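Examination of the molecular architecture
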Amino acid sequence: MKEFVKMVCAVICGLIVMSFLGFFFFAGCVGSMALAGSGSEPVLPRSGILKMDMSTFALSEQGNQNFDPTSLLMGGGTMATPLGLWNAVQAINAAAADPAVKLIYLKPDGATAGMSQMEELRQALLNFRQSGKPVIAWTEMPSTGSYYLASAADKVYMSANAGASPMITGVGTQMIFLGDLLKELGVNVQLIRHGKYKSAGEMYIKGEPSPENLEQNQVMINSIWNAFAADIEKSRDLPAGKLSELVDNLSLVNAQDMVDNGLVDELMTRSQLQDKLATLAVVENFDKVKMIPFTDYVTAKAKPNTKAKKKIAILYAEGNIVEGNSKQQVAGDYFAAQIAKIRKDESIKAVVFRVASPGGSVLASDKIKTEIDLLRAEKPVIASYGEYAASGGYWISNSCDRIYTDRTTLTGSIGVFSMIPDASKTLKEKLKVGVYTVGSSKHSGMMSLFAPLDDSEKAFMQQSIEEIYGAFLNNVAEGRDMTPEQVDEIAQGRVWTGSDALGIGLVDEIGTLEDAIKFAAQAGGETDLTQWQVVGYPKVPSPFETILESFGQSLEKDNDVLAGTPFAPIGKAFKDWNAASSDRFMARMPYEMVIGF
């Protein structure tokens, strides 16, 4: 007994020691990362070349808002610096007027950015060229997306080394359908929806797309490709349709094909490129060229004008729309409180509502829309659309005073659905498990997931769907100065690109976040942006706060078993879905489209 007590005491002491060591190790990692994220301002050379190596930073809407540093502590993730789109554009604008910056050297390979972000960054590079300074791009293995960015340069050079080859194959996405598999497993997904194009949930009840779903996806992909191809052909002085011809015929096999077809100006080794950069920088040799890392330049130059008394707020709605107070997504209660805070701040004279959301909870969407309307009654609110502004993302923003969109934005998707899986057959026939519901009324178990809906229950759910769809139509009709009947003709759950949305009245203008900010400044009574302080909401947490919050949440989150599989877009779209919650009525895209480009 004595030895047993000694052994127990030793184990307890060991656990205490290990706990302290673990705490201090974690605290050290947190402290180091926090210091790295909040270090002193970088020292820039007096003169040099601004180097934009796209593999060194990850471009997103607000920067590190969705950065998960615990993934680095756990051995995953990327060391690419998170940069906000507005800060990146500000830095490029500053470089155009900065005599210390002689030119921009762009290395687009390995870019981490969405389509709309690439579109806006490309426009910023074109604007930079108007200063008379050149943009020089050098690529080794261009993809459709990286070449799209490179094509904005004055000169595009490509590696002359063996193995440097293009992979420009157009844009595309994969549609996954689980209906046949779920039927085989005995799972009956009961989908209640309004809109023949409202394909959300369709992947759970079908083995292939409906004709309407296939049609809308093909139209979307064509519209995105047409926008990319037109920009490239214009920049490279190619005839319309030439790029599509080259891609369809698989004519771009190697680097020399890129030169022969006018997509690249010259093939160069790294040494030859360095000599070219030295010549452009007007120095004797490359050893004397001072490179300015883009991330350092953003840190030094993209700062709020704290001297300005008037403010423009950029309100970022990025992610799924959900109920509650989560800071990681667009949570109804938390976001409504943020909008109310902006409304009460008298120093904020105008608001840009930057939406990058595929939608989500109807209830949360309407909470946000209500607060946006209250805000609009006191201040101009200009919408700017990023990667998505669809379904719930369109619900919350369609009444803004003006709507800017990128051409590749996915928007519309005006429709509603609800899904209630019935696993009773799976349990009974596959697993031999019996489930019996004991309830106070005839329909107590209709949302239990263990019994099929009867006809009256389906009618009950359909009635709710129809009422919400009608509210959505009225919402858009009022916001866009249309009749509900006119909205219904372009609704039915159909998703549109920004280019097509302009033609049917869902948006007002093709334009960037910068364009929206300039319009907001004008609406606020002062066109000179130097007289404004532009501030982002919700507040981006400090690196230390981000680390602690992300670490705490990572302990609570289930592992994403679909990550890295073809089903990841579906899992991401529906990870917060719960048939028994207040979010059971959804206004969102069918899944977060992963478009290869």
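Residues numbered from 1 in each chain as written. Predicted model: local features only at pLDDT ≥ 70, side-chain atom pairs only at ≥ 80, totals over all residues. Heavy atoms only, no water.

Across a sheet, strands are paired by hydrogen bonds formed along the backbone, either parallel or antiparallel in direction. In space, the 6 strands of this open sheet follow the order β8-β6-β5-β4-β1-β9, with parallel pairing throughout. Here the strands that pair on one side only, and so sit at the sheet edges, are β8 (266–268) and β9 (291–293). The mean inter-strand angle of the sheet, taken between neighbouring strand axes irrespective of direction, is 30 degrees. Note that strand β1 (residues 48–53) and β9 share 3 bridges and pair parallel. Along β9, the bridge assignment pairs K51 with P293. (Pairing = 2+ DSSP bridges. Helix = DSSP H or I, 4+ residues; strand = E, 2+ residues; numbered from the N terminus. Axes fitted to C-alpha atoms, helices over the stretch in contact; angles between N-to-C directions.)

For the rest of this paragraph, the subject is the packing of helix α3 (residues 85–97) against helix α4 (residues 115–129). Following both chains from N to C, one finds α3 and α4 inclined at 10 degrees, their axes separated by 9 Å at the closest point. What the angle tells us is that α3 and α4 run roughly parallel. On α4, the residues that touch L85, A88, V89, I92, A95 and A96 of α3 are Q117, E120, L121, A124, L125 and F128. When grouped by side-chain class, the residues that make up the contact of α3 with α4 number 10 nonpolar, 1 polar and 1 charged. (Parallel < 35°, antiparallel > 145°, perpendicular 65-115°, else oblique. Contact = heavy atoms within 4.5 Å. Nonpolar A, V, L, I, M, F, W, Y, C, P; charged D, E, K, R; others polar.)

In this section: the packing of aromatic side chains. For the structure on display, the rule yields 6 aromatic pairs. With a centroid separation of 6.5 Å and 35 degrees between ring planes, the pair formed by F335 and F353 is classed as tilted. Of this pair, F335 sits in helix α12 (residues 332–344) while F353 sits in strand β13 (residues 348–357), placing them 18 residues apart in sequence. When its relative accessible area of 2% is taken as the criterion, F335 is described as buried. Lying over the aromatic face of Y148, R122 brings its terminal NZ or CZ to 4.9 Å of the ring centre. A cation sits over an aromatic face here: K310 above W532, 4.5 Å from the ring centre. (Phe/Tyr/Trp six-rings, centres within 6.5 Å; stacked < 30°, edge-to-face > 60°. Buried < 20%, exposed > 50% of the residue type's maximum accessible area, 1.4 Å probe, protein only. Lys NZ or Arg CZ within 6 Å of the ring centre and 35° of its normal.)

In this section: a nonpolar patch on the surface. There is a patch of nonpolar side chains on the surface, built from L431, V433, V435, L449 and F450 and spanning about 390 Å² of accessible area. Locating L431 in the fold gives a position in the loop between α15 (424–430) and α16 (455–480). The class for L431 is exposed, based on a relative accessible area of 53%. (Patch = residues over 30% accessible without salt bridge, like charges linked within 9 Å, V, L, I, M, F, W, Y side chains within 5 Å. Areas by Shrake-Rupley, 256 points an atom, 1.4 Å probe, with all protein chains shown as cover. Salt bridge = Lys/Arg side-chain N within 4 Å of Asp/Glu carboxyl O.)

Residue placement: K242 occurs in helix α8 (residues 242–248). Residues K242 and A229 lie 13 residues apart in sequence; the distance between their C-alpha atoms is 8.7 Å. Excluding anything up to four places from it in sequence, K242 contacts E233 and N261.

Among the residues of helix α11 (residues 294–301), F294, T295, Y297, V298 and A300 are the ones counted as buried. Buried residues belonging to α11 abut β1, β2 (57–60), β3 (81–84), α3, β4 (101–107) and β9.

What follows is about the pattern of salt bridges. Tallied over the entire structure, the rule returns 22 salt bridges. K288 serves as the salt-bridge partner of E284, at 3.1 Å between the closest nitrogen and oxygen. Take K288: its relative accessible area is 44%, and that puts it in the partly exposed class. A network of salt bridges, in which partner residues are shared, links K107, D109, E140 and R270.

The subject of this paragraph is the nonpolar core. Among the nonpolar cores identified, the biggest contains 59 residues, and M52, I92, L263 and F294 are the most heavily contacted of them. Looking at this core element by element, the count peaks at 7 residues for helix α7 (residues 211–235). (Core = buried A, V, L, I, M, F, W, Y, C linked by side-chain atoms within 4.5 Å.)

As a further point, take the pairing of strand β6 (residues 155–159). Burial analysis of β6 places 4 of its 5 residues in the buried class, the great majority of the element. Here 4 bridges tie strand β5 (residues 135–139) to β6, and the two strands are oriented parallel to one another. The residue of β6 that forms the bridge with I136 is K155. Regarding topology, helix α5 (residues 144–150) serves as the crossover connection from β5 to the parallel β6, and that connection is right-handed. With 3 bridges joining them, β6 and β8 adopt parallel strand pairing. Across the sheet, residue M158 finds its bridge partner in β8, namely L267. (Right-handed = clockwise from strand over helix to strand, strands pointing away.)

The next thing to look at is the side chain of N213. For N213, the position within the fold is in helix α7. A distance of 2.8 Å separates a polar atom in the side chain of N213 from a polar atom in the side chain of E202. Ignoring anything within four residues of it in the chain, the contact list for N213 reads M175, F177, S199 and E202. (Polar contact = N/O pair within 3.5 Å; in protein donor to acceptor, adjacent residues only side chain to side chain.)

Our focus in this paragraph is the packing of α12 against helix α13 (residues 362–376). Between α12 and α13, the least distance of the axes is 9 Å, while the angle of their chain directions is 5 degrees. As summarised for this structure, α12 and α13 are arranged roughly parallel, according to the angle between their axes. On α13, the residues that touch G332, D333, F335, A336, I339, A340, I342 and R343 of α12 are A364, K367, I368, E371, I372, L374 and L375. When the residues that make up the contact of α12 with α13 are grouped by side-chain class, the tally is 10 nonpolar, 1 polar and 4 charged.

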